[in-house]
Amino acid sequence: MTIPRTRAAIAGMGTTLGPAVIELCRALFEDEQHALADRVAPVAVDCVYGAHPRNRLDLYGQGPGAPVLLFVHGGGFRVGDKGGADWQNAAVGRMAAEAGLLGAVMNYRLVPDAGWPSGGEDVLAAFDWLVENAAQHGGDPARIVLVGTSAGAVHIAGALKLRPDLAAAGLVLLSGLYGYTPHDERDVAYYGEQALYAERMPRAALVETALPLLVACAEFDPPRFQAEFLGLMQARLERHGAMPRGYMASGHNHYSMAMHLGTSDRRLAEEIIGFVDACGG
């Protein structure tokens, strides 16, 4: 499907969230993503980075000395999977591999089995595993960039809150919630009651960090996610006198922004790969 046709289809979905929209988005990219899966097989599957059954990650690509891209999927804290036979989320690791990186795609604990700060803890555990093991698979443990979408972006920010001196090369945050909008009833399952919300959100950690950031949202993201994007950019401008690297995914919505990575729409992929290169040192 051409980019203009894809844009028209996504625009027609509006800014609604839910399983029906996910399936409509999947249908747009199915053929290209199956072709990508045929081209790029994982080099390691279900690597154990922690004690919980969901503490597993898959690896795509080979080095030597390649930067590492760790992808953290979304799913509203409740659902999601690193994929494999199912291309969703796994496609980001495959995209990284085709760009010459070592791609890692992780699972993490979900509610109701685990609430705050489990997501951030799992991201840190996966990061630490890669520091210890990436070199065995051709990756450079000193050049790990974390990429997360939606809840995955939240968990990366949560990891930074837990470990302000996180030794990552950079962070890519796609449509996350960082604490610039009010508590929502849907937040309770992960964060707990409203009284806990402000102290548990990672906004201060993201404002203060010296790590390179790439912050993105989608043209057809729900308004709350767009407000979070603008809030973080404004706070960084006020604190540092400059905004971080930013990206508006024109023609995409909350789901398609990550889901299309690895397809012929290379705009966001090239932005991410360019950011990884800039973080190379």
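What you see is a predicted model, and the numbers here were worked out from it, not measured in a lab.

Novice: Just checking my understanding: could you explain unusual backbone geometry for this structure?
Specialist: Trans peptide bonds make up most of the peptide bonds, and negative phi angles are found at most residues other than glycine. In this structure, the amide linkage connecting valine 111 to the following residue, proline 112, adopts the cis form with an omega of 5 degrees. Counting through the fold element by element, proline 112 comes out in the loop between strand S4 (102-106) and helix H4 (118-133). Of note, asparagine 89 is a non-glycine position whose phi angle comes to about 75 degrees, a positive value. One can find asparagine 89 in the loop between strand S3 (66-72) and helix H3 (90-98). According to the relative accessible area criterion, asparagine 89 is buried, its value standing at 14%.

Novice: Whenever I open this one, helix H9 (residues 223-240) confuses me. Can you help?
Specialist: Within an α-helix, residues lying three or four positions from one another point in the same direction, as the helix has 3.6 residues per turn. A rise of 1.5 Å per residue sets the reference length of H9, with its 18 residues, at 26 Å; its end C-alpha atoms lie 25 Å apart and thus fit the reference within 8%. Listed as buried for H9 are Arg224, Phe225, Glu228, Phe229, Gly231, Leu232, Met233, Ala235 and Arg236. Where H9 is buried, its residues touch strand S6 (170-174), helix H7 (194-200), helix H8 (203-208), strand S7 (213-220) and strand S8 (245-253). Downstream of H9 by a residue or two, glycine 241 has a phi angle that is positive, lying close to 80 degrees.

Novice: Is there a simple way to think about the packing of H4 against helix H5 (residues 151-162) in this case?
Specialist: A pair of packed helices can be characterised by two numbers: the angle between their axes and the separation between those axes. Closest axis-to-axis distance for the H4/H5 pair is 7 Å, and the angle between their directions is 80 degrees. Of the possible angle classes, the one that applies to H4 and H5 is roughly perpendicular. Here H4 contributes Gly119, Gly120, Glu121, Val123 and Leu124 to the contact with H5, which in turn contributes His155, Ile156, Gly158, Ala159 and Leu162. Among the residues making up the contact of H4 with H5, the classes are represented as five nonpolar, four polar and one charged.

Novice: Any chance you could explain the sheet that holds S4 here in plain terms?
Specialist: What links the strands of a sheet is backbone hydrogen bonding, and the strands pair in either a parallel or an antiparallel sense. Strands sit in the order S1-S2-S4-S3-S5-S6-S7-S8 across an open sheet of eight strands; the sheet is mixed. Each having just a single partner strand, strand S1 (44-48) and S8 make up the two edges of the open sheet. Taken over all neighbouring pairs, the strand axes of this sheet differ in orientation by 25 degrees on average, direction set aside. Looking at chain direction, strand S5 (residues 139-149) and S6 are connected through five bridges and run parallel. Bridge assignment links leucine 146 to a residue of S6, and that residue is leucine 171. Packing against the sheet, H9 makes contact with S6, S7 and S8, and its axis sits at approximately 145 degrees to S7.

So, how was this worked out
- The residue count restarts for each chain, going from 1 along the sequence in the order it is written.
- Selection of residues for local features in this predicted model requires a pLDDT of at least 70, selection of side-chain atom pairs for listing and counting requires 80 or more, and totals for whole chains, interfaces and linings are taken over all residues.
- Neither water nor hydrogens contribute to the side-chain values; these are computed over all heavy atoms in the structure.
- Only DSSP runs of H or I reaching four residues or more are called helices, and only runs of E reaching two or more are called strands; each is numbered from the N terminus.
- Relative accessibility under 20% of the residue-type maximum defines a buried residue, over 50% an exposed one, and the middle range a partly exposed one, all with a 1.4 Å probe and only protein chains included.
- Multiplying one less than the number of residues by 1.5 Å gives the expected span of a helix.
- Contacts were defined at the residue level, with two residues in contact if any of their heavy atoms lie within 4.5 Å.
- To get an axis, a line is fitted to the C-alpha atoms, and for a helix only the part in contact is used. The angle between two axes follows their N-to-C directions and goes from 0 to 180 degrees.
- What sets the label is the angle itself: under 35 degrees gives roughly parallel, over 145 gives roughly antiparallel, 65 to 115 gives roughly perpendicular, and the rest give oblique.
- By the convention adopted, Pro, Cys, Tyr, Trp, Phe, Met, Ile, Leu, Val and Ala count as nonpolar, Lys, Arg, Asp and Glu as charged, and the other residues, Gly among them, as polar.
- Strands are labelled as partners when DSSP assigns at least two bridges between them.

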